[in-house]
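Results of the structural survey
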Amino acid sequence: MTDRYAVFGNPLSHTKSPFIHGAFARQFGDDLIYETIEAPVDGFAAAVRAFVDAGGKGFNVTVPFKVEAADLADEAHEAVVLCGASNCVKVEDGRLIAENFDGVGLVRDIVSNIGVEIKGRRVLFAGAGGATRGALVPFLEAGAGEIVIANRTVSKAEEICELLGPRGSIRACGYDAINGGFDIVFNSTSASLTGAGLPIPPVAFQGALLAYDLAYGKGKTPFLTLAEQSGAARLADGVGMLVEQAAEAFAWWRGRRPNTAPIIKAMTIPLK
Ligand code: ATR
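Residues numbered from 1 in each chain as written. Predicted model: local features only at pLDDT ≥ 70, side-chain atom pairs only at ≥ 80, totals over all residues. Heavy atoms only, no water.

**Quick word on the overall build of the protein**
- Each helix and strand in the protein was counted, giving eleven helices and twelve strands.
- For the protein, the C-alpha atoms occupy an extent of roughly 55 × 35 × 30 Å along the three principal directions.
- Of the contacts formed within the protein by residues at least 6 apart in sequence, a portion of 68% connects residues at least 24 apart. (Helix = DSSP H or I, 4+ residues; strand = E, 2+ residues; numbered from the N terminus. Contact = heavy atoms within 4.5 Å.)

This is the structure:
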């Protein structure tokens, strides 16, 4: 029987997940379908129930349902508990098991694809929303030397530090308090989606090995332009993270890890 998977979100017009999972399935000759389910904003739980009742085996979750997916789950893995949001669910005997692979995908992209080590590095995250929360645990586990979270609303960054502080060196600040360089600088704000710039002082990029915008398909965002002008050695957008988190999901659902390189290559848009 054909195995059923899906992505839930609203809106879903731009999702790349069906393309990515379709390509993964072809690598193994797997018989599966991967649907897009644009649930009503107040109808996520009912849509999930219908999918599970119809035999669905697993699903991804995107905006605006990631927090609801975590709440709905019968069992949640650590990354989900810590960040309160899930982007991937497995159905086992009708039970929902929630994971969050954003951070693992990001770490994998940086270490395996881009080739930058995380151990001992000074890392700056600009932004303290769901994207940062989702990414942090695997960074601490990968041995980042120091993590700084800068945010417009400093209290949101402080909240994350309180939650994760016991697990490593992590502190919060406002953009104006940044007064030195970092090895890796992330933009995990939603600013690139609207084309807005960020008040990151250029000194943050001094000696930077990598500036990484978690947004995908937005070209050279104001963040990446600032990073380039301020001396960052390498620029990246979120395509690798997107494909790597999908590969983690595929492997978790189906027990085989697909080859991500050809998919990343096909989806890469040069940063002009
Ligand atoms: P997501 O789940 O995508 O992370 P979110 O939880 O709404 O979305 O968080 C958005 C993040 O982008 C926040 O850190 C937000 O800063 P505030 O907490 O101060 O609102 C940040 N952000 C969005 N637009 C921004 C802008 N123009 N300048 C600076 N920060 C911005």
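**Considering the side chain of D213**
- Considering the arrangement of structural elements, one finds D213 in strand β11 (residues 210-213).
- The side chain of D213 is buried and forms no salt bridge, while K218, the nearest opposite charge, is found at 10.0 Å.
- A distance of 3.3 Å separates a polar atom in the side chain of D213 from a polar atom in the side chain of N187.
- The residues touching D213, leaving out its near neighbours within four places in the chain, are N187, S192, T221, F223, L224, A236, D237 and G238. (Buried < 20%, exposed > 50% of the residue type's maximum accessible area, 1.4 Å probe, protein only. Lys, Arg positive; Asp, Glu negative; His and termini not counted. Salt bridge = Lys/Arg side-chain N within 4 Å of Asp/Glu carboxyl O. Polar contact = N/O pair within 3.5 Å; in protein donor to acceptor, adjacent residues only side chain to side chain.)

**Remarks on the site of the ligand**
- Taken together, 13 residues sit near the ligand, with A128, N151, R152, T153 and K156 positioned nearest.
- Within the side chain of T153, one N or O atom sits 2.6 Å away from an oxygen atom of the ligand.
- Taking K156, its side chain carries an N or O atom lying 2.8 Å from an oxygen atom of the ligand.
- Its free accessible area being 640 Å², the ligand has 70% of it covered by the protein chains. (Near = heavy atom within 4 Å. Areas by Shrake-Rupley, 256 points an atom, 1.4 Å probe, with all protein chains shown as cover.)

**Digging into the pattern of salt bridges**
- Applying the stated criterion across every chain, the model contains 17 salt bridges.
- Note that R4 and E35 form a salt bridge whose closest N and O atoms lie 2.6 Å from each other. Taken together, the residues R4 in strand β1 (residues 3-8) and E35 in strand β2 (residues 32-37) connect sequence positions 31 residues apart.
- The partly exposed category is assigned to R4, whose relative accessible area is 22%.
- Among the salt bridges present, the one from D30 reaches R256, with a minimum N-O distance of 2.9 Å. Placement of D30 in the loop between α1 (17-28) and β2 and of R256 in the loop between α10 (239-254) and α11 (261-267) is noted, with a sequence separation of 226 residues between them.
- Here D30 falls in the buried class, since its relative accessible area comes to 17%.
- Here the salt bridges do not stand alone but share partners, grouping D3, D30, K57, R254 and R256 into one network.

**Describing the side chain of K90**
- Tracing the sequence through the fold places K90 in strand β5 (residues 88-92).
- Within the structure, the side chain of K90 is placed 3.1 Å from the backbone oxygen of W252, a separation counted as a polar contact.
- Beyond its immediate stretch of four places on either side in the chain, K90 contacts K57, G58, R95, L96, I97, W252 and W253.

**Some details on the state of the cysteines**
- Counted by the stated rule, this structure contains zero disulfides.
- Lacking any disulfide linkage, C88 is separated from the closest cysteine sulfur, that of C83, by 13 Å.
- Relative accessible area serves as the criterion here: at 0%, C88 is assigned to the buried category.
- With no disulfide partner, C161 has as its closest neighbouring cysteine sulfur the one in C173, 9.0 Å distant.
- Look at C161 and you get buried, because its relative accessible area is 12%. (Disulfide = S-S within 2.5 Å.)

**Looking at helix α2 (residues 44-53)**
- Buried within α2 are the following residues: F44, A47, V48, F51 and V52. An end-on view of α2 places all buried positions within 135 degrees of arc, on one side of the element. Facing away from the buried side of α2 by over 90 degrees, the exposed positions are A46 and D53.
- In the core, the buried residues of α2 are packed alongside β1, β2, β3 (58-61), α3 (66-72), β5 and β6 (95-99).
- Looking one or two residues past α2, G55 carries a phi angle of roughly 100 degrees, positive in sign. (Arc of directions from axis to C-beta.)

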